[in-house]
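Descriptive structure summary
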Amino acid sequence: MAVGGDASAQQATPANPPMPAEYAGVLQTVGRQGDFKDSVMKVNIPRNDVKVVIDGVATPTPFGFGGWFAMTKGIGGMEVMMGDLVLTEAEVNPVMSAVLGSGLDVTALHNHFFFDTPRIFYMHVHGHGTAAELANKLKPALALIGTTPPAPGAAGRAIEGKLDTEGLSRIVGFPGEQTGAVYKITIGRPDFVMKEMGATINARMGLNTWAAFYGNDADAVVAGDVAMLDGEVTPVLKALRNSGLDVVAIHHHMVGTEPNVTFLHYWGTGPALRLAQGVRAAVDLLGKGAPRSR
């Protein structure tokens, strides 16, 4: 798993400001690398130590096994911290106890996939405090991740070849990023404002929709997450199912937020551009009649 904490690894530009000193201290405390963009310090926690097979497909880590935590400034010198930790079954309760024992909150625990070997779970964590306090509270839980990896499961098939990433981006309607063999498109919700302790909860804090593609043009898989307002849930479900995509989870990630946001996870197999059309059918339903502010 990636370690480090050298804030100088991020080159400062107007669009990519320098890492604030308190956040550089967070990286040093947790021994990991991170970046600072859109007023959010974010640390990725990829599970490179776990090889996951989903429905017979050996999926790369960037496909959906990258945990994270992020901080942004609220009022009164306090930080708002949110995160999503990727855990094996055996890690769930020890990590939960460590999070709760440090005075942080667990706001959700759920799956992202069916037919995954080993079984993987996602734990959302939350807290308020200074950057240094939150880093020290989270550190014991992070230290438990990856210490007891599961026994090797059944071998899956890798999918060779390239994806028409320009075509995927054009169909979905948003640009993506290539990480290894995975092309991921992340979409925020700028049509409404979510605040917590005066801090804006944006895409980098977890308020986003995403789609990850792996494979080649003729033989691909897609997995993703859709962030929905209450009135969008049923239309999005219908759009995904009518497009032949499987819904594998419906849940919350955050508690006590306004407006309420529901998240769902989906999975699909087939020609890449057809999968992208299914994603677009859901994305097109987002933001219709959404509140503009609160």
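Before going into details, it helps to say that this report is about the structure given with it. As the structure is a prediction and not an experimental result, all values here were calculated from the model.

1. Concerning unusual backbone geometry
Of note, the bond from Thr-117 into Pro-118 is cis; its omega dihedral lies within 30 degrees of zero at -5 degrees. Structurally, Pro-118 can be placed in the loop between β8 (116-117) and β9 (120-129). Between Glu-258 and Pro-259 the backbone carries a cis peptide bond, its omega angle lying at -5 degrees. By the element assignment, Pro-259 lies in the loop between β16 (246-251) and β17 (261-270).

2. Overview of the layout of surface pockets
Space inside the largest pocket adds up to approximately 1100 Å³. Along the wall of the largest pocket there are 34 residues; nearest its centre are Lys-42, Asn-44, Glu-177, Lys-184 and Thr-186. Broken down by secondary-structure element, the contributors of at least two residues to the lining of the largest pocket are β1 (34-37), β2 (40-46), β5 (66-73), β6 (79-88), β9, β10 (176-179), β11 (182-188) and β14 (208-215).

3. Here we look at the pairing of β6
Across the 10 residues that make up β6, a large majority, 10, are buried. Of the two faces of β6, both are covered, the one formed by Glu-79, Met-81, Gly-83, Leu-85 and Leu-87 as well as the one formed by Val-80, Met-82, Asp-84, Val-86 and Thr-88. Across 6 bridges, β5 lies against β6 in antiparallel orientation. What sits directly across from Met-71, in β6, is Met-81. Where β5 folds back on β6, the antiparallel hairpin that results is connected by 5 residues, among which Gly-76 adopts a positive phi of roughly 65 degrees. The sheet contact formed by β6 and β9 spans 10 bridges and is antiparallel. Bridge assignment links Leu-85 to a residue of β9, and that residue is Met-123.

What counts and what doesn't
- Residues numbered from 1 in each chain as written.
- Predicted model: local features only at pLDDT ≥ 70, side-chain atom pairs only at ≥ 80, totals over all residues.
- Heavy atoms only, no water.
- Helix = DSSP H or I, 4+ residues; strand = E, 2+ residues; numbered from the N terminus.
- 1 Å grid on protein atoms, 1.4 Å probe; cavity = no way out; pocket = protein on both sides within 12 Å on 5 of 7 lines; lining within 4 Å.
- Points joined across faces, edges and corners; volume = space filled by probe spheres on them.
- Buried < 20%, exposed > 50% of the residue type's maximum accessible area, 1.4 Å probe, protein only.
- Pairing = 2+ DSSP bridges.

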